[in-house]
Amino acid sequence: MSKAISGFNGLAVPGPTNMPFALHRAMDVALEDHRAPDFPEFTLPLLADLKRIFRLSAGQVFVFPSSGTGGWESAIANTLSPGDRVLASVFGQFSHLWVDLCRRFGLEVDAIDVPWGEGVPLDLYEQKLRADKAHRIKAVLACHNETATGVTSDIAGVRKVLDATGHPAQLMVDGVSSIGCIEFRMDAWGVDLAVCGSQKGFMLPTGLAIVGVSEKALAARKTAKLPRCFFDFDDMIRANRDGYFPYTPATTLLRGLRASIDMLEAEGLEEIFARHHRLAGGVRRAVEAWGLALCARHPRWYSDTVSAVVVPDGFDANAVIKTAYYAYNLSLGAGLSKVAGKVFRIGHLGYLNEIMVLAALAGAEMAMLDCGIAIEAGAGVGAAVEHYSRTAKRPVSTKAA
Ligand SMILES: Cc1ncc(COP(=O)(O)O)c(C=O)c1O
């Protein structure tokens, strides 16, 4: 098969996401001296403004040249010691990988296995925390939005459980596919470490790990003994204080990040959350109209940034993904690990509108039909169109031109 070459590639994976032209332009600049005397005039406001996106008042946001995985590593390496106990839950490839990283660092992880399609089990977290009278658990991990299954968990609920049990563990949250897209509140939810990357809600290329750190987590670094060098918060704090970095920062991406924050704030976070919810609603209507199921097992788990669609028994989701790519120049997300071949994922996050989602749905429909899946042509697209027209905020002019 050869790939269709005409027209744009439909990027409907759950990250990297579509990059707005304003961000392309912001990064189309000459490389610059990261030790220039006026560099802090750019970086100090940038680092301060990032805190608003994380809804963090005290504490700090660090930006590393890295990806979300590096953000995970920075969170644990700066705040924990070898042998520390960590409570976590695994219900998809990303919650699994964070646990794996913790184990490789010598942490003792109590990882609760949850069926893929569900999220953080608050009742089990509560039981484990209540039973931990000696407070041996030093950190509670939660993947806010499991990108592999399209499941969003209740982080405010995790905070409630920590408070109800009077447990002092740090709350560490993977916000890689949620921050900047759906509601995320570091202060209000008492999140101590929030990990994000540049290639999803921030609409940038991959290359930055963006990590929000509470005052409590900043204090934890003073006694934490895990080895760290590249991700050492101390080095970052010392250099950031004057607007510099401990090593060469990704200056071009930082220019993009400036433009990204400006775009997010111009639209408004609440508006962004509402837009993601509405766009996701159209995808969910489409899946229902196709007669298919989401991997997320209950509406309370439905993610507003990614939907994992289960193909009927006897069909291969990878064939749908390949067909979409080669025949229609559409990139759908692959099923990972346990759900490989069983689901394809539609990313609906970042710089996106109804038309872009409808194009992805149309491409998915065509690919499924080509693969012999018995759906009705136009059913999903029609259901999404109906949803978008019914929920449209903009008044539609009925006057003839
Ligand atoms: C929820 C989640 N966490 C962590 C990661 C890992 O981030 P990265 O691939 O940027 O290292 C991803 C990547 O897609 C993710 O979706």
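Quick word on unusual backbone geometry
A cis amide bond, omega 0°, links Gly15 with the succeeding residue Pro16. Relative to the helices and strands, Pro16 is located in the loop between β1 (10–12) and α1 (21–27). In this structure, Asn329 is a non-glycine residue whose phi angle is positive, near 55°. Within the secondary structure, Asn329 sits in the loop between α11 (317–328) and β13 (330–334). One non-glycine residue, Ser337, lies in positive phi territory at about 55°. On the secondary structure map, Ser337 appears in the loop between β13 and β14 (343–347). A relative accessible area of 46% means that Ser337 is categorised as partly exposed.

A closer look at the nonpolar core
Residues Phe54, Ile76, Val140, Phe202, Ile210 and Leu257 are the most contacted members of the largest nonpolar core, which totals 88 residues. A per-element tally of this core places helix α2 (residues 39–54) first, with seven residues. Those residues in contact with Phe54, other than ones at most four positions away along the chain, are Val61, Ile179, Phe184, Arg185, Met186, Ala194, Cys196, Phe202, Ile210, Val211 and Gly212. Core analysis: the next-biggest nonpolar cluster, separate from the first, contains 30 residues, Val283, Leu294, Leu352 and Ala367 among them.

Examining the sheet that holds strand β4 (residues 108–113)
Read from one edge to the other, the open sheet built from seven strands follows the order β2-β10-β9-β8-β5-β3-β4, with strand pairing classed as mixed. Bordering the open sheet on either side are β2 (60–65) and β4, each of which pairs with just one other strand. Averaged over all adjacent pairs, the angle separating strand axes in this sheet is 20°, with direction ignored. Sheet topology places strand β3 (residues 85–90) next to β4; six bridges connect them, and they run parallel. Among the inter-strand pairings, Leu87 is bridged to a residue of β4, identified as Asp110. Its contacts with the sheet place α2 against β2, β9 (193–197) and β10 (208–213), and it is angled at close to 110° to β2. Contacting β5 (137–143) and β8 (170–174), helix α6 (residues 155–164) crosses the sheet at an angle of about 165° to β8.

So, the pattern of salt bridges
In this structure the tally under the stated criterion is 24 salt bridges. A salt bridge links Arg52 to Glu265, with the nearest nitrogen and oxygen atoms 2.7 Å apart. Remark: Glu265 occurs in helix α9 (residues 251–267) and Arg52 occurs in helix α2; sequence separation between them is 213 residues. Here Asp192 and Lys216 are joined by a salt bridge, their closest N and O atoms 4.0 Å apart. With Asp192 in the loop between β8 and β9 and Lys216 in helix α7 (residues 215–220), the pair connects residues that are 24 residues apart, well separated along the chain. What you see here is one network of salt bridges that share partners, running through Asp49, Arg52, Arg258, Asp262 and Glu265.

Side note on the site of the ligand
Every residue close to the ligand is listed here: Ser67, Gly68, Thr69, Trp72, Phe94, Asn145, Thr147, Asp174, Val176, Ser177, Gln199 and Lys200. Ser67 has a polar side-chain atom sitting 2.6 Å from an oxygen atom of the ligand. One nitrogen or oxygen atom from the side chain of Gln199 is found 2.8 Å from an oxygen atom belonging to the ligand. Top contributing element to the shell around the ligand by residue count: helix α3 (residues 68–77), with three residues. Its residues assigned to classes, the shell around the ligand comprises three nonpolar, seven polar and two charged.

Thoughts on the side chain of Asn145
Within the secondary structure, Asn145 sits in strand β6 (residues 145–146). Separated by 2.8 Å, the side chains of Asn145 and Ser177 make a polar contact. At a separation of 3.0 Å, a polar atom in the side chain of Asn145 contacts the side chain of Thr305. If we ignore the near neighbours within four places in the chain, the residues touching Asn145 are Val151, Thr152, Asp174, Ser177, Ser178, Ile182, Ser303, Thr305 and Val306.

Analysis parameters
Residues numbered from 1 in each chain as written. Predicted model: local features only at pLDDT ≥ 70, side-chain atom pairs only at ≥ 80, totals over all residues. Heavy atoms only, no water. Helix = DSSP H or I, 4+ residues; strand = E, 2+ residues; numbered from the N terminus. Buried < 20%, exposed > 50% of the residue type's maximum accessible area, 1.4 Å probe, protein only. Core = buried A, V, L, I, M, F, W, Y, C linked by side-chain atoms within 4.5 Å. Contact = heavy atoms within 4.5 Å. Pairing = 2+ DSSP bridges. Axes fitted to C-alpha atoms, helices over the stretch in contact; angles between N-to-C directions. Salt bridge = Lys/Arg side-chain N within 4 Å of Asp/Glu carboxyl O. Near = heavy atom within 4 Å. Polar contact = N/O pair within 3.5 Å; in protein donor to acceptor, adjacent residues only side chain to side chain. Nonpolar A, V, L, I, M, F, W, Y, C, P; charged D, E, K, R; others polar.

The quantities given are spatial measurements derived from coordinates; they are silent on function.
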